[in-house]
Amino acid sequence: MRTPIMAGNWKMNCDNEQARELAAAIAQNAGDMQDCGVILCPPATALTMVQAAIEGTNIGLAAQNMFWEEKGAYTGELSGPMLRSCGCKYVIIGHSERRGRFGSVADDFTAELQKIFGDSDASVNRKIKAALSYGLTPIVCGGELLAERRAGQTDSVVKGQVQAAIAGLSAEQISPIICAYEPVWAIGTGEVCDAGEANRVIGLIRETLAEAVGSAIAEQIRILYGGSVKPDNVRGLMEAPEIDGGLVGGASLKADAFCELIAVAAQVGE
Ligand code: PEP
């Protein structure tokens, strides 16, 4: 039995006061949650503020990205030890937006963003290794573009991303990792992936992990679904046997909605 996780990715939203208020409201409602892990992923500027608001609760703190070097002349980057010192236990790695792959942005702007953010399979792998070495649990994201889905490439894209992400890692290193299947076309678009299809692709991710670590360990790894999860569609997704929770953007910015998602995941997971 895998305890579900609901992770709220706040992206580039919330100044410090808004972050404090949102975290405090979630902590008040879901701070003692046992049946569903709760993780908040505020922008880096608000990590310390949010950590103070969730101190003493069961809620975990995650950064949205990190660089693999420990320290040095990398202007604007954040290292694992820095994130640890803010209270982070988790870090999102390889979010499609960090890979410059967007579902809701015009094509010409996407091309530009790919150059700016530009995480690759190789950099994702390096970041995962660094995160683990600094005691951070990576939340590793992957998923296909709409064009890739239409071209029948979903399985090969997702499998390839997973294999590249865990390349060179031992079973012991892979076992604590959290994965998230996030079809890019469903992120921030309001268009959710059908629960049956999300379940199928997540099953494929688990099979791919099993090829590397064996099925006993792969069965323990939490694999989340992300992409327009909302209170009105969460139940069907959480009832799917392979789906172990959600990575949630928009709906995590409202305490009531996010707490509803947590409550459903906890109830279904019981
Ligand atoms: C995300 O940020 O990973 C995400 C899935 O966003 P949204 O829930 O808004 O689609």
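Before any of the text, the structure's been laid out above.
Residues numbered from 1 in each chain as written. Predicted model: local features only at pLDDT ≥ 70, side-chain atom pairs only at ≥ 80, totals over all residues. Heavy atoms only, no water.

**Some thoughts on helix α12 (residues 255-269)**
So, step 1. Helix length check: α12 (15 residues) gives 21 Å between terminal C-alpha atoms against 21 Å at 1.5 Å per residue, within 8%.
So, step 2. Every buried residue of α12 is accounted for by A255, A257, F258, C259, L261, I262, V264, A265, A266 and G269.
So, step 3. Buried residues along α12 sit in contact with β1 (5-9), α1 (16-30), β2 (37-41), α11 (234-239) and β8 (245-248). (Helix = DSSP H or I, 4+ residues; strand = E, 2+ residues; numbered from the N terminus. Expected span 1.5 Å × (residues − 1). Buried < 20%, exposed > 50% of the residue type's maximum accessible area, 1.4 Å probe, protein only. Contact = heavy atoms within 4.5 Å.)

**With respect to the packing of α1 against helix α2 (residues 47-54)**
So, step 1. Remark: α1 packs on α2, axes separated minimally by 9 Å, with the N-to-C direction vectors making an angle of 25 degrees. By the angle between their directions, the pair α1 and α2 is classed as roughly parallel. Here α1 runs over α2; the crossing is right-handed. Taking contact as the criterion, the partners of N16, A19, R20, A23, A24 and A27 in α1 are, on α2, M49, V50, A53 and I54. (Axes fitted to C-alpha atoms, helices over the stretch in contact; angles between N-to-C directions. Parallel < 35°, antiparallel > 145°, perpendicular 65-115°, else oblique. Left-handed = near helix turned anticlockwise from the far one by under 90°.)

**Details of the environment of A147**
So, step 1. In this structure, A147 sits in helix α6 (residues 146-150).
So, step 2. For A147, a relative accessible area of 54% translates into the label exposed.
So, step 3. For the pair A147 and W185, spaced 38 residues apart in sequence, the C-alpha separation works out to 8.9 Å.

**Some remarks on the layout of surface pockets**
So, step 1. Approximately 630 Å³ is the volume found for the largest pocket.
So, step 2. Lining the largest pocket are 22 residues, and of these K11, M12, Q64, N65 and R98 sit closest to its centre.
So, step 3. Across the lining of the largest pocket, the residue classes break down as 12 nonpolar, six polar and four charged.
So, step 4. The computed volume of the second largest pocket comes to approximately 280 Å³.
So, step 5. Residue lining of the second largest pocket: 14 residues in total, with F102, G103, D107, L145 and L146 positioned closest to the centre.
So, step 6. For the lining of the second largest pocket, the elements supplying multiple residues, two or more each, are α4 (107-116) and α6. (1 Å grid on protein atoms, 1.4 Å probe; cavity = no way out; pocket = protein on both sides within 12 Å on 5 of 7 lines; lining within 4 Å. Points joined across faces, edges and corners; volume = space filled by probe spheres on them. Nonpolar A, V, L, I, M, F, W, Y, C, P; charged D, E, K, R; others polar.)

**Focus: empty space enclosed by the protein**
So, step 1. Under the counting rule described, the total for this entry stands at two cavities of 30 Å³ or more.
So, step 2. Taken as a whole, the largest cavity spans an internal volume of roughly 130 Å³.
So, step 3. Every residue lining the largest cavity is counted, 14 residues in all, and those nearest its centre are V140, C141, G142, V162 and C179.
So, step 4. Of all the elements in the fold, those that place two or more residues in the lining of the largest cavity are β5 (137-142), α7 (154-165), β6 (178-181) and α9 (195-213).
So, step 5. Residue classes in the lining of the largest cavity are distributed as 11 nonpolar, two polar and one charged.
So, step 6. Taken as a whole, the second largest cavity encloses approximately 30 Å³ of empty space.
So, step 7. Every residue lining the second largest cavity is listed: G94, S96, R99, R101, C141, G142, G143, Q161, E182 and V184.
So, step 8. Across the lining of the second largest cavity, the residue classes tally to two nonpolar, five polar and three charged.

The analysis is restricted to geometry; functional conclusions fall outside its scope.
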